[in-house]
Amino acid sequence: MAKNSDINPEQSNRSLDEEALIMHASGRPGKLEIVPTKPMKTQRDLSLAYSPGVAAPCIEIHKNPDKAYDYTASGNMVAVISNGTAVLGLGNLGALAGKPVMEGKSVLFKRFADVDSIDLEINTEDPEEFINAVKYLGPSFGGINLEDIKSPECFMIEQRLRELMDIPVFHDDQHGTAIISAAGLVSALDITGKNIKDIKLVVNGAGAAAIACVELIKTMGLPHDNVIMCDTKGVIYKGRTEDMNQWKSAHAANTKDRTLADALRGADVFWGLSVANCVTPEMVKAMAKNPAIFAMANPNPEIRPEIAREVRPDAIIATGRSDYPNQINNVLGFPYIFRGALDVRARTINDDMKIAAAKALAALAREDVPDEVDAAYGRRLRYGPDYIIPVPFDPRLIVEIPTAVAKAAVASGVARKPIADEKAFRSALRARLDPTADTMELIFTRVRNNPQRVVFAEGEEERMIRAAISFRDAGYGTPILIAREEVVKEKIGMLGLADMKGIEIHNSRVSQHNKRFTEYLFKRLQRRGLLERDCQRMVNQQRNVFAACMVAHGEADAMVTGLSRNFNVCYEDIRKAIDARTQYSAFGLSMSISAGRTIFLADTAVNPSTNPDRHAEIAIRAAEFAEQMGHQPRVALISYSTFGQQMNDERANFMREVVAKLDDHEVSFEYEGEMAPDVALDHDLMKRLYPFCRLTGPANVLIMPSLQAANIATKLMQKMVNSRDGNMIGPLLQGLKRPAQIVGMGATVSEIVTMAALAAHEAIGNAESDKKAKPSVVKEGVVKGGKAA
């Protein structure tokens, strides 16, 4: 298996850059669009949304400006505003070149906290012009997120705008880093038993983030004289005149230390917001007992954790990187801080709210971590030196951080709207995000932490090659292409893609596994009319069969195919080598993800004919999958008839029999039927017309009456729901003994990678289950009772 260290970083970065450019340019360019939240289909709709109906909310807002929160989108809208003078680590690129970053920031607001956001790029480097442009925007937004503005201008801009505007103005480069760093320090001090009033903190860097970090931690109780800041000229001490400004002067220390090495002697805490490799092992060795080292320079920290750990095994270490424990990541802060501020209509984000966010993050780290988060990160995340702050995809963040921020806003008197019922407030936060997105990211994280060998069966297809490279670069494991090496290399050259390091190529015609695979197939298929030479031909010429044999024999962990053959052909090829699980038959499950809602549909691919028992089993397995994806399953047995409307219809009666079978199983999830999809998906309609219905909310698992109906429905949805509105994932092949997934013939590179990652995730789960289970006495494909098992 290829290790990450085997991959050329320059090639990997080039591949990532190429994919990023393709992603930004494909379809509608960029990452944002504006969509209406109300129906706009009829003349009446238009007359209500615009003239003449729109006059009514205008009049109400004129009477009471607070009504704007009730009648417009401003209360859930944040502007991400920049002039592009400090774009990421790229420097002053200008307003227009910074736009992709600002669009990305807007997407993160929506993804993590359901905050609507729009980016605004202001083409001036003059602070006064910038302030003058922004200060009149208050009526349009519920908050302003300043981004990528260089220091020291960013301090003046934020301060002036906070004075001029009555909505939150927040420079995330400053305060986001400060809040997450403060949260980590609260935990580190708790673990080491130190008091904030007694510690010595050394900060390397004196830019926007560093100064904000120092200001916040002093507000939290760290004495002024216990902090020593350093910049490129050394220690910032009282009396220094070289390269000083009013913000540095405010934190000048009364000290004889003049260098970073001097300052770190006896220090309890180091915060690095500077440059790579500026801290030596000798400096770390000179720190106090149980030091906290937050080396936050990106992409390379001030000192690598493994180097610091060699000289100080007692240290608590954090970085800005995701491949080390304790990542100081701003996404833990800004989406949830604005969420809390917006929900109580705060006039500002003050120190009380920042401190509340930091303490809430630290408190969450001490709580028991959900099993699915543990599984994703491949280790038990338990409060201690290697887990001092939550990880970014912890589903509890959307509830805990906004609630803490909102309560602090109310307590400090800056909220326009009180929290009438905290329980209801928390429930509303929990309902804002579809758990599928978090679960999918946890799945991807788990695969990155447990890389797998995945076969990309159609290895000579351009999209399959590109997907294999993306799979490798994402850190999901080793992709295996079934192809002729010379063909792959020729296509790589034509496409101008990265090299193939870390990717295996297997030519099925000349593979060392041919004899073993042929014997295996012949034992399985000899009673199905096939001769040994037929099996040999399949192994040599049919890439799907060869790939399935690799998976069946443990030469690979999973496989993905489907670009050049339809689903049924691919499925039949796979089943020649891989059996269904004995306790239930295989089936296809599709996920429709749109507008914060996920619907699971089954069986969408496998069983053209079934019976009530098998259909009930499919319902049970589909509900289990929905639960694994973070949902409370509510299963609807779908028909064109609802609760006996068509008593003489054969298919409606069939679905009623399935409900009876589920009754017999005494399952723990909610289910109901038979029912039409409009009733199943509309809970208000359901309760109004059918108050006896057992579902407590709209159905999220739809068990279709037939494969024909399910397949038609999903393909219609796939074409009607485009990538901007949502996603269709699947059909996901469920119920095989070894993981295999089949993509659509028109699948994109991204879709192929997603399916490959899901197959890899299934392989991880299978391996863990196999460790727990007793060894089986019946092997796959062995003849049993005169029939192939």
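See the structure above.
Okay, so let's go over this structure. Since we're looking at a predicted model, the values are computed, not measured.

A short note on empty space enclosed by the protein
Now for step 1: Applying the stated criterion across every chain yields a total of two cavities of 30 Å³ or more.
Now for step 2: Taken as a whole, the largest cavity spans an internal volume of roughly 40 Å³.
Now for step 3: Considering the residues around the largest cavity, the lining is formed by Phe112, Tyr336, Pro392, Phe393, Asp394, Pro395, Leu397, Ile398, Leu433 and Asp438.
Now for step 4: Partitioned by chemical class, the residues of the lining of the largest cavity number eight nonpolar, no polar and two charged.
Now for step 5: Considered as a void within the structure, the second largest cavity measures approximately 30 Å³ in volume.
Now for step 6: Along its surface, the second largest cavity is lined by Ala188, Leu189, Thr192, Lys194, Asp268, Val269, Asn290, Pro291 and Ala292.
Now for step 7: The residue inventory of the lining of the second largest cavity, partitioned by class, reads five nonpolar, two polar and two charged.

What about the state of the cysteines?
Now for step 1: If you walk through the whole model with that rule in mind, you get zero disulfides.
Now for step 2: Left without a disulfide partner, Cys535 is nearest to the cysteine sulfur of Cys549, which lies 9.0 Å away.
Now for step 3: Judged by its relative accessible area of 0%, Cys535 is buried.
Now for step 4: Judged by its relative accessible area of 0%, Cys549 is buried.

Observations regarding the environment of Val410
Now for step 1: Among the structural elements, Val410 can be located in helix α17 (residues 397–411).
Now for step 2: Beyond its immediate chain neighbours, meaning those up to four positions away, Val410 contacts Val344, Ala415, Lys417, Pro418 and Ile419.

With respect to the sheet that holds strand β12 (residues 477–482)
Now for step 1: Read across the open sheet, the five strands follow the order β13-β12-β11-β14-β21; overall the sheet is parallel. Both edges of this open sheet fall to β13 (504–506) and β21 (740–742), since each of them pairs with a single strand only. Averaged over all pairs of adjacent strands, the angle between their axes in this sheet comes to 20 degrees, without regard to strand direction.
Now for step 2: Relative to β12, strand β11 (residues 452–456) runs parallel, the two being bridged by five bridges. Each bridged residue has a counterpart across the sheet, and for Val455 the counterpart in β12 is Ile480.
Now for step 3: The strands touched by helix α24 (residues 543–552) within the sheet are β11, β12, β13 and β14 (558–561), with β14 carrying the most contacts at an inclination of about 165 degrees.
Now for step 4: Along the sheet, helix α25 (residues 567–575) makes contact with β14 and β21, crossing β21 at roughly 165 degrees.

Describing the nonpolar core
Now for step 1: Counting residues in each nonpolar core, the largest one holds 107 residues, and the members touching the most others are Ile144, Leu146, Ile179, Ile217, Met229, Trp271 and Met353.
Now for step 2: Dropping the residues within four chain positions of it, Ile217 is found in contact with Ala182, Leu185, Ile196, Leu201, Leu222 and Trp271.
Now for step 3: Counting residues in each nonpolar core, the second largest holds 62 residues, with Met464, Ala619, Val658 and Leu662 among its members.

Things to note about the pattern of salt bridges
Now for step 1: With the rule as written, the count across this model stands at 53 salt bridges.
Now for step 2: Across the pair Arg382 and Asp368 runs a salt bridge whose closest N-O atoms are separated by 3.4 Å. Taken together, the residues span a long stretch of sequence, with Arg382 in the loop between α16 (371–377) and α17 and Asp368 in the loop between α15 (351–365) and α16 at a distance of 14 residues.
Now for step 3: Look at Asp368 and you get exposed, because its relative accessible area is 56%.
Now for step 4: Measuring nitrogen to oxygen at the nearest pair gives 3.1 Å for the salt bridge that ties Lys489 to Glu485. With Lys489 and Glu485 both in helix α21 (residues 485–495) and four residues apart, the pair spans about one turn of that helix.
Now for step 5: Judged by relative accessible area, which is 41%, Glu485 ranks as partly exposed.
Now for step 6: Connected via shared salt-bridge partners are Lys110, Asp114, Asp116, Arg339, Asp343 and Arg432.

Definitions and limits used
- Residues numbered from 1 in each chain as written.
- Predicted model: local features only at pLDDT ≥ 70, side-chain atom pairs only at ≥ 80, totals over all residues.
- Heavy atoms only, no water.
- 1 Å grid on protein atoms, 1.4 Å probe; cavity = no way out; pocket = protein on both sides within 12 Å on 5 of 7 lines; lining within 4 Å.
- Points joined across faces, edges and corners; volume = space filled by probe spheres on them.
- Nonpolar A, V, L, I, M, F, W, Y, C, P; charged D, E, K, R; others polar.
- Disulfide = S-S within 2.5 Å.
- Buried < 20%, exposed > 50% of the residue type's maximum accessible area, 1.4 Å probe, protein only.
- Helix = DSSP H or I, 4+ residues; strand = E, 2+ residues; numbered from the N terminus.
- Contact = heavy atoms within 4.5 Å.
- Pairing = 2+ DSSP bridges.
- Axes fitted to C-alpha atoms, helices over the stretch in contact; angles between N-to-C directions.
- Core = buried A, V, L, I, M, F, W, Y, C linked by side-chain atoms within 4.5 Å.
- Salt bridge = Lys/Arg side-chain N within 4 Å of Asp/Glu carboxyl O.

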